[in-house]
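# Results of the structural survey
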Amino acid sequence: MLVVELLDFGLWDLRFAYGGSGPEKKGFIGNEGFFLGDFTTGGDLIGWFFQFAFAATAATIVAGTVAERCKFEAYLCYSLMLTGFVYPVIVYSIWSSSGFLTAFNDDPAFGCGMHDFAGSGVVHMTGGITALWAAKILGPRIGRFYDADGNELPEPVSFPPHSVALQVLGTFILWVGWYGFNPGSTLLISNTAASDVSALCAVTTTIAAASGSVSAMFTDMFLERRKTGETMYDITMCMNGALSGLVGITAGCSIVEPWAAFVIGIVAGWTYIFWSSLLVKLKIDDAVDAIPVHFGNGMWGCIAVGLFAEPDRVANAYSAHGHYGWFYSWGAGNADAHLLAAQVCGVLWIIGWVSVIMIPYFILLNVLGLFRVDALEEEVGLDISHHKGAAYDMSGPSEAAAEKFEISRSQRKIEIPVDVAPATAPAEDAA
């Protein structure tokens, strides 16, 4: 999947996302500079690499959701469509200087444009809503909500992870990687203002992740105690809560105060729990809970900007356009909601565009038999059925070998040396 994304994005994605854009005009999709022909400077090349990482992220969100029952061919197909066409149009509309929702145009929508600094909407919502439709059309894993005969189970069956330790490690890797996405979206630290933006991003990212982790874990603990009377701390809630806080702060990391980042992270933890429970009620099987993390909190992150964007921070990271978070406007007595309106329109646009393209696309893959593996392949596991062997060798020695070893060990003799007694004195012998 990564190889296909690399070829696809490297050849023409960036041009669909940014090609031919300019602040004096508006358009729908880039149409110039394909095949990296005009990429000559170091800045151009590192820009390509940075945007490639964002595009790959949007596609890998979907991969986690449909794990354990999606054909490899389907991974390739939807990655091509998502990173090759669907995602670039969203990038063009919000991040390029010619998009109809961008904040970087001479005539931005609502006088300010949508503010999504590092991609709560552009990246995470796009991947999350794609994952939602993929999971709905693909169907749940065998045994998750229904038995072998298709009868509904009294309670959904949970599939435990093979390694919680690797889960925790992966969460920390993502957390550290987020410092490349959020502070890195400053793109260039050429003056004091840019360094202030990057520093703020690092601080708000850390606070939101930590508060999201605590919020999700302890809220789940209280809910579980009310339900069963037992107090238990779910490490998965802790990890996904941290990721939820990271997604939630991504849009506004450069324009909210640290206290607001704490609030955003707290609400992100609750948002995750709500969406995770909702998917179970709707019997939509998300193998890694990527939809609650990325789609649910991608929406929250975009809306949070419309509520918490601080005027001076906005002027520093964007421009002094006069439209800020609704709480600040309301506090000033004018209740200006232009930025909030732009954020809501951006959320609706992302949901609409992705849905219009990807729903028919997934249905087509399903009709053609390219989407889901058969029941036997799913039972033995895709590592074996698709990739020539299990990812983890959990097999032990054969029974015959183990029995032979036990017999050998039982027959093994161990000689313990005996201390030699000291010689008797001659005088004593004579006596």
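Criteria and thresholds
- Residues numbered from 1 in each chain as written.
- Predicted model: local features only at pLDDT ≥ 70, side-chain atom pairs only at ≥ 80, totals over all residues.
- Heavy atoms only, no water.
- Helix = DSSP H or I, 4+ residues; strand = E, 2+ residues; numbered from the N terminus.
- Buried < 20%, exposed > 50% of the residue type's maximum accessible area, 1.4 Å probe, protein only.
- Contact = heavy atoms within 4.5 Å.
- Salt bridge = Lys/Arg side-chain N within 4 Å of Asp/Glu carboxyl O.
- Axes fitted to C-alpha atoms, helices over the stretch in contact; angles between N-to-C directions.
- Parallel < 35°, antiparallel > 145°, perpendicular 65-115°, else oblique.
- Left-handed = near helix turned anticlockwise from the far one by under 90°.
- Nonpolar A, V, L, I, M, F, W, Y, C, P; charged D, E, K, R; others polar.
- Expected span 1.5 Å × (residues − 1).
- Polar contact = N/O pair within 3.5 Å; in protein donor to acceptor, adjacent residues only side chain to side chain.
- Patch = residues over 30% accessible without salt bridge, like charges linked within 9 Å, V, L, I, M, F, W, Y side chains within 5 Å.
- Areas by Shrake-Rupley, 256 points an atom, 1.4 Å probe, with all protein chains shown as cover.
- Phe/Tyr/Trp six-rings, centres within 6.5 Å; stacked < 30°, edge-to-face > 60°.
- Bend = angle between axes of the 7 residues up to and from the residue.
- pLDDT = per-residue confidence, 0-100.
- Core = buried A, V, L, I, M, F, W, Y, C linked by side-chain atoms within 4.5 Å.

Let's shift gears to the overall build of the protein chain. A tally of regular secondary structure across the protein chain gives 16 helices and 0 strands. Taking all 431 residues of the protein chain together, 46% fall into the buried category. Contacts in the protein chain between residues at least 24 apart in sequence constitute 73% of all its contacts with a sequence separation of at least 6.

Let us now look at the pattern of salt bridges. A full pass over the atoms with the stated rule returns 5 salt bridges. When the shortest N-O distance is used, the salt bridge between Glu68 and Arg141 registers 3.4 Å. Here Arg141 lies in the loop between α4 (120-138) and α5 (164-181) and Glu68 lies in the loop between α2 (42-65) and α3 (72-94), a separation of 73 residues in the sequence. Residue classification places Glu68 among the partly exposed residues on the basis of a relative accessible area of 42%.

This paragraph deals with the packing of α4 against helix α9 (residues 290-308). Their axes nearest at 8 Å, the elements α4 and α9 cross at an angle of 140°. Relative to α9, the element α4 lies oblique. Seen along the crossing, α4 lies across α9 with a hand that is left-handed. Residues Ser120, Gly121, His124, Met125, Gly128, Ile129, Ala131, Leu132 and Ala135 of α4 touch α9, and the partners they reach there are Ile291, His294, Phe295, Gly298, Met299, Gly301 and Cys302. Looking at the contact of α4 with α9 residue by residue, the classes come out as 9 nonpolar, 7 polar and no charged.

Compared with an ideal rise of 1.5 Å per residue, which puts 37 residues at 54 Å, helix α6 (residues 192-228) spans 54 Å between its outermost C-alpha atoms and is within 8% of the ideal. A distance of 3.2 Å separates the backbone nitrogen of Ala193 from a side-chain oxygen at the start of α6, and that oxygen is part of Asn191.

A contiguous nonpolar surface patch, about 400 Å² in accessible area, is contributed by Leu166, Leu169, Ile173 and Tyr392. Position of Ile173 relative to the elements: it lies in helix α5. Among the residues examined, Ile173 registers a relative accessible area of 55% and is labelled exposed.

To continue, consider the environment of Gly389. Its place among the elements puts Gly389 in the loop between α14 (382-387) and α15 (399-411). For Gly389, a relative accessible area of 27% puts it in the partly exposed group. Ignoring anything within four residues of it in the chain, the contact list for Gly389 reads Asp383 and Ile384.

On to unusual backbone geometry. You will see that Phe110, though not glycine, has its phi angle at about 60°, which is positive. You can see Phe110 is positioned in the loop between α3 and α4. Since its relative accessible area comes to 35%, Phe110 is described here as partly exposed. Non-glycine residue Leu187 carries a positive phi angle of around 75°. Relative to the elements of secondary structure, Leu187 occurs in the loop between α5 and α6.

Before going further, it helps to examine the packing of aromatic side chains. Under the criterion given, the structure shown has 20 aromatic pairs. Ring centres of Trp349 and Trp353 lie 5.7 Å apart, and the angle between their planes is 25°; this geometry places the pair in the stacked category. Here Trp349 and its partner Trp353 are both found in helix α12 (residues 338-367), 4 residues apart, which amounts to about one turn of the helix. Grouping residues by exposure puts Trp349 and Trp353 together as buried.

So, on to α3. Over its 23 residues, α3 extends 31 Å from the first C-alpha to the last, a length consistent with the 33 Å expected when each residue adds 1.5 Å. Bending of α3 peaks at approximately 40° at the position of Leu82.

What follows concerns the confidence of the model for the protein chain. For the protein chain, the average pLDDT comes to 86, and 86% of its residues sit at 70 or higher. Low pLDDT (under 50) marks residues 1-12, which in the prediction has 35 contacts with non-local residues, meaning those over four places away or in another chain.

A few words now on the nonpolar core. Ranked by internal contacts, the top residues of the largest apolar core, which has 51 residues, are Tyr87, Ile94 and Phe371. Every element with two or more residues in this core is listed here: α2, α3, α4, α8 (258-281), α9 and α12. Non-local contacts of Tyr87, meaning those with residues more than four positions away in its chain, are made with Gln51, Phe54, Ala55, Ala58, Leu82, Trp95, Val122, Val123 and Thr126. The next biggest cluster of nonpolar side chains, apart from the first, holds 28 residues, and it includes Ala103, Cys112, Ala208 and Val314.

Turning our eyes to something else, we now look at the side chain of Ser185. Residue placement: Ser185 occurs in the loop between α5 and α6. Only 2.5 Å separates the side chain of Ser185 from the backbone oxygen of Phe181, close enough to count as a polar contact. The contacts of Ser185, once residues within four sequence positions are left out, are Phe50, Phe54, Phe117, Ala118 and Gly180.

Topologically, Pro292 is positioned in helix α9. Along the sequence, Pro292 and Ser244 sit 48 residues apart, while their C-alpha atoms lie 7.9 Å from each other. Apart from the residues lying within four places of it in its own chain, the contact partners of Pro292 are Tyr272, Trp275, Ser276, Leu279, Asp286 and Asn297.

Note on placement: Gly296 falls in helix α9. Each residue touching Gly296, except ones within four places of it in the same chain, is listed here: Thr271, Trp275 and Ile291.

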